[in-house]
Amino acid sequence: MLDDLRALVEFAQAGSIAGAADRLYRTPSAITRQLQRLEAALGAELLDRSVKPPRLNSLGSRVLEQARDLLQRTEAMKSVASRDAEPHGLLRIGLAHALAEGTLIKPIRALTEKYPKVRLRLLSALTGELFNRLLASELDVAVVFLPEGKTAPSPLLTNIIASDRMEIVQSAAGNIDDDWESLSRAPWVLNPSGCLLRASLIDQMERAGFTPMVAAEIHYNIHLQLALIQSGYGVGLLPARFIARKNCRDTVEVLRPPSFDLRLSVAITRIGQLGALEKAVELLEHGIRHLFEAADTTKPVTRSRRRVPANRREARPRK
């Protein structure tokens, strides 16, 4: 019926069947058949054929308004579904708590600056909740941590875009040794239960025969966790990319117990294709990937020697 409605619109615009045929690159007889088919489908005559050339009657004029509106809506729908169209509309992004930090502002701002017709709605939640919201069509994409080699549950699609390595850290003035026994006696600053990072750490400690003593459960506030660690409150688990920054590196010490290796994949998950929004998602993926590549998290953040605070250094005799 859409082609028949388009024939009606062109007939009204051209003022004649021959004119509509020229505009649509069809024969006059083909246009005539389309208009007759439309009238049959609606059960009413739309043209006044008592005059030459025929013209729209009163009902035909009202149908014409609806036809134009329907065709415009159809074109808008095609634009939403087309990968070639400029990204526009609402893009709902979920962020896993452990990834929701200030550095993500840069790729998010880059997306909105390049595609100003895209409106973003952001949600931070646990990975499991993000998966549920994707399945319920309440989110379009989600940026999450996954264990290396794992993917999101079916039917969600998974695109691994980066890898993140975690480090055990203490205050630069701390005196905890980097073995599991010493770490099991130290107070820990960790995310609450349900966190994938915390579960992975506990699994590695338990395989070594030890269990961490949790002294603070901070709800995914990486800056507060860092402040507690820097103050000497306890040891913690922080991303290598985070502690590699200049404002962190001189205030904490990395502890690497035997066989400790905790890496997570950074993935963008979704339920399906997003049409015109695909380019916006690809730009987001590129920006997040660049963040992790720039952090160079493949190299361990270690110290050649433990930093001794100034108030604990031995005074050297003056010459």
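As the structure is a computational prediction, the values presented were derived from the model and not from experiment.

Draft legend 1. Just the packing of helix α1 (residues 2-14) against helix α2 (residues 17-24), in detail. As a packed pair, α1 and α2 sit with axes 8 Å apart at the nearest point and diverge in direction by 120 degrees. As judged from the angle between their axes, α1 and α2 are oblique. Handedness of the α1/α2 crossing: right-handed. Contacts between α1 and α2 pair R6, A7, E10, F11, Q13 and A14 from the former with I17, G19, A20, R23 and L24 from the latter.

Draft legend 2. View of the packing of aromatic side chains. According to the stated counting rule, one finds one aromatic pair in the structure shown. Seen in terms of ring centroids, W180 and F260 are 6.0 Å apart; in terms of plane orientation they differ by 70 degrees. Their pairing is edge-to-face. Of the two residues, W180 sits in helix α7 (residues 180-185) while F260 sits in the loop between β10 (252-255) and β11 (263-270), which places them 80 residues apart along the sequence. Taking relative accessible area as the criterion, F260 reaches 5% and is therefore assigned buried.

Draft legend 3. Structural view of the nonpolar core. One finds L91, I168, L201, L237 and V266 to be the most contacted residues of the largest nonpolar core, which totals 55 residues. The residues contacting I168, other than those within four sequence positions of it, are W180, L183, W188, L201, G236, L237, E253, V254, L255, P257 and F260. Counting residues in each nonpolar core, the second largest holds 19 residues, with V9, F11, A20 and L24 among its members.

Draft legend 4. Highlighting the environment of L146. Looking at the element boundaries, L146 is found in strand β5 (residues 141-147). Under the relative-accessibility criterion, L146 is labelled buried at 5%. Sequence separation between L146 and L196 is 50 residues, and the spatial gap between their C-alpha atoms is 8.0 Å.

Draft legend 5. Fine view of the packing of α2 against helix α3 (residues 28-42). Two elements in contact, α2 and α3, have axes whose closest approach is 8 Å; the angle formed by their N-to-C orientations is 105 degrees. Here α2 lies roughly perpendicular to α3, going by the angle between them. Across the interface between the two elements, I17, A18, A20, A21 and L24 from α2 touch P28, I31, T32 and L35 from α3. Split by residue class, the contact of α2 with α3 holds eight nonpolar, one polar and no charged.

Rules used throughout
- Residues numbered from 1 in each chain as written.
- Predicted model: local features only at pLDDT ≥ 70, side-chain atom pairs only at ≥ 80, totals over all residues.
- Heavy atoms only, no water.
- Axes fitted to C-alpha atoms, helices over the stretch in contact; angles between N-to-C directions.
- Helix = DSSP H or I, 4+ residues; strand = E, 2+ residues; numbered from the N terminus.
- Parallel < 35°, antiparallel > 145°, perpendicular 65-115°, else oblique.
- Left-handed = near helix turned anticlockwise from the far one by under 90°.
- Contact = heavy atoms within 4.5 Å.
- Phe/Tyr/Trp six-rings, centres within 6.5 Å; stacked < 30°, edge-to-face > 60°.
- Buried < 20%, exposed > 50% of the residue type's maximum accessible area, 1.4 Å probe, protein only.
- Core = buried A, V, L, I, M, F, W, Y, C linked by side-chain atoms within 4.5 Å.
- Nonpolar A, V, L, I, M, F, W, Y, C, P; charged D, E, K, R; others polar.

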